[in-house]
Every structure is written in structure tokens, then in C-alpha cells.
Amino acid sequence: MAKYLGLRGETLGRVRILLVVVPSFLLFGYNQSAIGGTLGFASFTKYFPRIDTTNTTGALKAENARTVVAIYTLGCLIGALASISVGNPLGRRRALVTFAIIAAIGLTLQASSFNLAQLVIGRIISGIGVGGVNAVIPVWQAECSKPKNRGKNVVVLGIFIASGIALASWVNFGLSFHQKNSVCWRLPLALPLIFCALICSSAFLFPESPRWLVQKGKLDEAKTVFSILEDTNVESEHVAVELQCLQDAYARQAAREQGFLDLFKPGRQRLLYRTVLSILINFCAQMTGANVITYYGTTIFRQSLGFGPQQASFLAAGLLTWKILAASLAYYFVDRAGRKPLFMVAGFGMGASMMCLAITVSQIQHSGAGAAATFFLFMFMFFFPLGFLGANFLYGTEIAPQELRIHLSAIGTSSHWLFNFVIAEITPIAFTSIGYRYYIVYACTGIAVAPMVYFLFPETNGRSLEEMDRVFSEPEHWWQVTSAARSLPRSVLADVENMDEKVMGGSHVEKNQEE
């Protein structure tokens with residue numbers, strides 16, 4: 001078989017997305033909502049009576065629901081942090097396959113469970129695998145993409161997350177008509193094994209990150225990979241300039257001998273500031289209420305809005321399918337409008353939708369309130385993927401220096417799962433104790449996103465990954481970073497990576513002539 005399937009340039013990138021990125025984030029999205037739909041199945045309750053959410057009420061029901069959902073997010077948090085120890089020593093491809101294998105082991109344990117201990121262990125192990133995959137893939141994608149289309153190449157994963165979540169909802173909806181057999185919950189829990197198999201069989205069909213290769217001193221291999229990714233001759237000036245710029249940047253970084261703890265130290269590089277931004281953007285993604293709906297959508301439609309069981313399952317699946325449309329809009333706009341405008345519009349839209357949801361649910365006894373509340377749930381799910389279903393993972397990789405990129409991605413991803421855990425833990429209790437007022441909390445955090453992003457977050461759109469070091473380090477004070485992102489001229493590397501198609505076409509002709 002020809003190396004890298006005989007493909008080059010953008011075609012190679014598209015096939016990598018299809019064979020590696022798609023299954024990776026279908027795995028992520030599917031596992032995020034699969035268990036929630038099986039909790040009420042009669043057969044599931046029969047096998048695991050200690051976490052019965054069907055025949056219990058009040059505080060006990062809330063406790064049972066949060067235990068099953070939250071334990072998985074703790075595994076994901078562990079996996080994201082573990083990627084720090086795996087991602088740089090092994091490289092992006094081997095790290096990805098390692099975590100996919102761990103996820104497969106956990107999924108097998110879950111689907112074959114006959115007691116609660118096995119189910120819990122399986123959920124923790126699968127979470128470790130999914131958390132690691134979730135941390136590694138955005139780094140690999142960002143490091144293999146040009147600045148002009150890096151955003152859409154990473155944000156595209158949001159479409160697949162949404163598709164995985166929707167797929168799990170529809171699978172559970174279909175199997176809800178056959179609840180007496182254990183297949184109704186074993187099959188949904190085993191289905192993601194297909195995604196793990198695709199990741200393991202496809203990862204090595206594509207080149208390693210050229211930036212990781214330069215970091216490890218494998219310059220000849222990095223040179224070859226750059227020429228393949230750019231679809232140009234290996235001896236072209238374009239490749240030589242790009243490789244030299246990266247070598248210079250990494251030589252400066254290597255001289256500083258930075259490690260994980262440096263991310264938490266103040267200094268001219270503003271690593272602590274970058275770390276805070278990576279955590280904040282994931283706070284915005286989680287603490288605005290999206291996973292309240294993802295995890296407990298069926299519960300919201302049944303208990304808050306008063307729909308019947310089948311109607312609630314159908315509406316929850318439809319809502320999560322609608323999410324795919326907004327994720328597609330983010331793919332279109334992220335490299336045109338930039339990161340910050342999408343974050344701000346999404347935050348304000350989510351906050352406004354949650355406020356309207358709180359008002360309509362508080363008046364649920366009135367005719368039409370349920371339909372109005374459903375409308376605002378759909379509006380929330382329109383705004384959320386526009387800014388926070390992929391772009392939050394992208395942003396952390398864009399603002400990190402090379403030698404600490406996997407570290408900062410891991411911190412951002414682990415904070416994503418930490419906030420996820422908080423949501424899973426408090427939501428059942430909040431629904432029981434404060435009802436519709438719970439939505440007001442997320443209305444406030446959502447509306448606060450816009451000013452926070454405007455004043456604190458520098459724009460990364462169109463700049464090379466190495467160029468962001470200048471954006472953070474050159475201003476005299478940390479609060480000047482956002483204005484520096486607007487005013488600093490582009491570097492040579494960014495100009496080289498953003499060559500227009502005419503220049504690239506010329507390089508392609510040159511390559512063919514030399515061959």
C-alpha cells in the first residue's frame with residue numbers, strides 16, 4: 001500500500017478527518033449521552049436495582065441518577081490529565097491509539113456487566129480512554145493545519161460530537177420499545193466499540209504531527225511530512241522556510257526548559273494567563289447549561305414540561321439532532337468571523353434562551369407554556385454549538401507553546417470534564433430542590449460570557465501557532481494582550497502558511513516538473 005494512502009495536501013486532510021476525527025468524536029459524543037437513555041429501561045433496572053431511577057423518587061432518585069452519569073466524567077478527567085504523560089513521549093498517533101484501546105476495554109466491561117461494580121469500573125475505564133482521545137485529537141489536527149483553515153479543521157469535530165449525541169438518543173429511542181431484553185441497554189453501550197476499531201485501524205495511515213517531529217529533532221521526517229501536507233516538493237523554498245521558522249521557535253522554547261508546573265507561574269510568556277484562558281473557555285462551554293440538556297433532556301421534557309414518556313424521548317432526540325445544524329454553522333464561520341465573535345454571540349444567545357426557558361417553565365400550568373419552553377430549548381441548542389462545541393478545544397491548542405501544547409490541551413480538556421462532573425452531580429438535586437430557578441443560574445453565566453471574552457481573550461484567527469507566543473509575550477502588561485492580537489503584524493511563518501492558492505498552485509507545478 002502506498003504511504004499515507006498515496007494522498008497529499010487537502011485531500012489527505014479530508015480523509016484523515018473522515019477516518020480518524022469522525023470516529024474519535026462520534027465516540028466522545030455518543031458516550032456523553034448513551035447511558036442517560038438506558039437508565040429508565042426495565043431490564044437495566046432489573047440488573048442494577050441499586051441505581052434504579054424508575055421506581056424511586058425525590059432525593060433518592062437524584063442520587064441514583066447522578067452516580068451513574070458522574071462517574072464517567074471523572075474517568076474522562078483522569079484520561080485528559082494522563083495525556084500529558086503520553087502525548088509528548090509517544091507522539092500524537094500512538095497516544096491516540098493507546099487511549100482508543102483503553103476506551104474499548106471499558107466499553108466491553110460496561111456492555112457485558114452483570115453487577116454494579118463491573119458497570120462502574122467499565123465506565124471509569126472508558127472515560128479514561130475517551131478523555132485521552134478528546135485531549136489528543138484537537139492538538140494533532142491543529143498542528144497539521146494552516147492558520148487560514150485551522151479553525152474549521154478542528155471545529156468540524158463539533159459536528160461529529162453533536163452527531164454522536166444525536167445517534168445515541170435515536171438508538172435509545174428505538175430500543176425503548178423493547179425494554180424487557182438486556183440487549184436494549186447492552187447494544188447501546190457496546191456500539192461505540194466500532195468507533196474505537198476505526199481509530200486503531202486508521203491512525204497510522206496518516207502522518208505524525210510535523211511540529212512534534214521537529215520538537216523531537218526528526219527533521220528529515222518533518223520535512224517530508226510538511227511537503228506532503230502542503231502538497232509541494234520536499235526541497236521547495238516553502239518547506240524550507242516553514243521548517244526553519246519552526247526550528248528557531250522551538251530552539252528558543254527549548255532553551256527555557258519549561259515543564260508542566262511552568263503553566264502555573266507568572267512571567268513574560270504569560271503561561272499562567274494562557275492556562276486561565278484555557279480553563280475559562282471550558283467553563284463557558286459547560287457552566288452555561290448545555291450538558292444539563294444533553295444528559296437530562298428526556299427528564300426535562302417529562303418532569304419540567306409535562307410531556308409523556310415517548311414524546312419526551314422523541315423531543316430529546318430531535319433537540320440533539322437540531323444541534324448538528326448549529327455545529328455546521330460554526331464550521332462555516334469560525335475562520336471567517338473569528339473565534340471571539342462566535343464565543344460572544346453564542347454566550348449571549350444561550351443566556352437569553354435560558355432566561356426565557358426559566359420564565360416559561362415557571363408558568364407551565366398555563367396553556368402554551370410547554371410549547372414555548374420547547375422553542376427556547378431548541379434556541380439554546382442553536383446557539384451553544386455555534387461557539388462551544390469544538391472551538392473551546394481549539395482555542396486551548398492555539399494559545400499554547402509547542403512544548404506545552406499537549407499539557408495545556410490536557411488542562412483545558414480536564415477542566416471541561418471537571419465542570420461536566422459538577423453539572424452531572426448537582427443537576428438532579430437542583431431540579432428536585434429549586435426547579436425552574438435552576439435555569440436562571442445558567443442565564444446569568446451565559447450572558448456574562450460576552451464581556452468576559454471581549455476583554456480577556458485574544459483573537460487567534462489567521463495566526464500561526466508559533467506566532468501566538470509573540471501576541472502573549474510582547475505586550476508590557478497582560479491586559480494588553482487582547483489589543484496586541486489586533487495590532488501586531490503577521491509573522492513570516494503565518495504568511496508562508498497562508499499562501500494563496502495561486503502560489504500553492506505554482507509550487508504544485510514546480511513539484512510535478514521536478515519529478
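Structure: see above.
Computed from a predicted model, the values in this text were never measured in an experiment. (Residues numbered from 1 in each chain as written. Predicted model: local features only at pLDDT ≥ 70, side-chain atom pairs only at ≥ 80, totals over all residues. Heavy atoms only, no water.)

Colleague: Any chance you could break down the overall build of the chain for me, citing the residues and the numbers?
Modeller: Scanning the chain from N- to C-terminus turns up 23 helices and 0 strands. Across the 515 residues that make up the chain, the buried fraction comes to 58%. Partitioning the intrachain contacts of the chain with sequence separation of at least 6 by distance along the chain shows that 80% fall at a separation of at least 24. In the form shown here, the chain has an accessible surface area of approximately 19,200 Å², with 65% of it arising from carbon and sulfur atoms. (Helix = DSSP H or I, 4+ residues; strand = E, 2+ residues; numbered from the N terminus. Buried < 20%, exposed > 50% of the residue type's maximum accessible area, 1.4 Å probe, protein only. Contact = heavy atoms within 4.5 Å. Areas by Shrake-Rupley, 256 points an atom, 1.4 Å probe, with all protein chains shown as cover.)

Colleague: Any chance you could break down helix α18 (residues 405-433) for me, citing the residues and the numbers?
Modeller: Over its 29 residues, α18 runs 42 Å from end to end, which matches the ideal 42 Å to within 8%, given 1.5 Å per residue. Among the 29 residues of α18, 22 are classified as buried, and the element is accordingly described as predominantly covered. Positive backbone phi, at 60°, marks Gly-435, one or two positions downstream of α18. (Expected span 1.5 Å × (residues − 1).)

Colleague: So what's going on with unusual backbone geometry? Which residues, and what values?
Modeller: Of note in this structure, Tyr-4 is not a glycine but carries a positive phi near 55°. The phi dihedral of Asp-231 falls on the positive side, at around 55°, and the residue is not glycine. Take Asp-231: it is sitting in the loop between α10 (219-230) and α11 (237-256).

Colleague: Give me the lowdown on the packing of aromatic side chains, citing residues and values where you can.
Modeller: If you walk through the whole model with that rule in mind, you get 28 aromatic pairs. Seen in terms of ring centroids, Tyr-273 and Trp-478 are 5.4 Å apart; in terms of plane orientation they differ by 65°. Their pairing is edge-to-face. Residue Tyr-273 is located in helix α12 (residues 271-286), and its partner Trp-478 is located in the loop between α20 (468-473) and α21 (481-487); the two are separated by 205 residues in the primary sequence. Between the aromatic rings of Tyr-395 and Phe-457, the centroid separation amounts to 5.5 Å while the plane-to-plane angle is 50°, which identifies the pairing as tilted. One end of the pair, Tyr-395, is in helix α17 (residues 391-398); the other, Phe-457, is in the loop between α19 (437-456) and α20, and 62 residues separate them in sequence. Taken together, Phe-25, Phe-28, Tyr-72, Phe-393 and Trp-417 form an aromatic cluster joined through their ring pairs. Positioned above the aromatic ring of Tyr-332 is the side chain of Arg-336, whose terminal nitrogen or guanidinium carbon lies 3.9 Å from the ring centre. Between the NZ or CZ atom of Lys-340 and the centre of the ring of Tyr-454, over which it lies, the distance is 5.3 Å. (Phe/Tyr/Trp six-rings, centres within 6.5 Å; stacked < 30°, edge-to-face > 60°. Lys NZ or Arg CZ within 6 Å of the ring centre and 35° of its normal.)

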